[in-house]
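# Geometric and topological summary
Take a look at the letters that make up each chain.
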Amino acid sequence: MPVAMELSRIIISEINDSQVIYLKEVEGTRTFPILIGIFEATSIDRRVKHIETPRPLTHDLLVQSVEALGGEFQDVVISALKDHTYYAQLRVRQEGELIEIDARPSDAIAVAVTCDPPLPIYVAEDVLTDLANEE
């Protein structure tokens, strides 16, 4: 059963290649860190801070395209950890059908915060367990 999470922190470093976002369990105390790139981190940060851009950015374009084609974003699920890489799905409803789109977690979360209202974010229980076992 996936666990409901919410964006908790964004750490952007000007001297490192890897940025970190933290998800926090909605009804619990667990946290989930994800290393992401600078472009995804700044996209997420802009959305959280409600900073407008003069033209659509990549995640804006994706949201607008899916909506223009009749799709409605449902949620984001971080579903697997394989070879030290997390996997996620953007889940979209179109004409009653649920479509799962493979995505990097960073892009999926950027899309989640781009949507209005922001999408729910879930992490599979076994992914959280795998993370706890690695620590």
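Higher on the page you've got the structure.
Analysis parameters
- Residues numbered from 1 in each chain as written.
- Predicted model: local features only at pLDDT ≥ 70, side-chain atom pairs only at ≥ 80, totals over all residues.
- Heavy atoms only, no water.
- Pairing = 2+ DSSP bridges.
- Helix = DSSP H or I, 4+ residues; strand = E, 2+ residues; numbered from the N terminus.
- Axes fitted to C-alpha atoms, helices over the stretch in contact; angles between N-to-C directions.
- Core = buried A, V, L, I, M, F, W, Y, C linked by side-chain atoms within 4.5 Å.
- Buried < 20%, exposed > 50% of the residue type's maximum accessible area, 1.4 Å probe, protein only.
- Contact = heavy atoms within 4.5 Å.
- Salt bridge = Lys/Arg side-chain N within 4 Å of Asp/Glu carboxyl O.

Glancing now at the sheet that holds strand β1 (residues 3–11). Two pairing modes exist for strands in a sheet, parallel and antiparallel, and in both the strands are linked by backbone hydrogen bonds. The mixed open sheet is built from seven strands, whose spatial order is β3-β2-β1-β7-β4-β5-β6. With partners counted over all chains shown, the strands left at the sheet margins are β3 (31–36) and β6 (97–103), one partner each. Taken over all neighbouring pairs, the strand axes of this sheet differ in orientation by 35° on average, direction set aside. With three bridges joining them, β1 and strand β7 (residues 121–123) adopt antiparallel strand pairing.

With that settled, consider the nonpolar core. By size, the foremost hydrophobic cluster in this structure holds 34 residues, and its most contacted members are Leu-23, Phe-32, Ile-34, Phe-73, Ile-78, Ile-109 and Val-123. Take this core: its biggest share by element is six residues, from helix α3 (residues 105–114). Other than its neighbours up to four places away in sequence, Val-123 contacts Pro-2, Val-3, Met-5, Leu-23, Phe-32, Ile-78 and Leu-128.

Glancing now at helix α1 (residues 38–48). Those residues of α1 that sit buried are Glu-40, Ala-41, Ser-43, Ile-44 and Asp-45. Where α1 is buried, its residues contact β1, β2 (19–25), β3, α2 (58–68) and α3. Where α1 ends, the next residue or the one after it, His-50, has phi of about 55°, a positive value.

In this structure, strand β4 (residues 71–82) lies alongside strand β5 (residues 85–94), joined through 10 bridges in antiparallel fashion. Each residue of the ladder has a partner; that of Asp-75, found in β5, is Arg-91. The loop that links β4 with its antiparallel partner β5 comprises two residues; one of these, Asp-83, has a positive phi angle of about 50°. Strand direction decides the pairing type here: β4 and β7, joined by three bridges, are parallel. Pairing of Val-77 across the sheet is with Tyr-122, part of β7.

All told, the structure shown has eight salt bridges when counted by the stated rule. Note that Arg-30 and Glu-125 form a salt bridge whose closest N and O atoms lie 2.7 Å from each other. You can see Arg-30 sitting in the loop between β2 and β3 and its partner Glu-125 sitting in helix α4 (residues 125–134), a full 95 residues away along the chain. Given the relative accessible area of 30%, Arg-30 is considered partly exposed.

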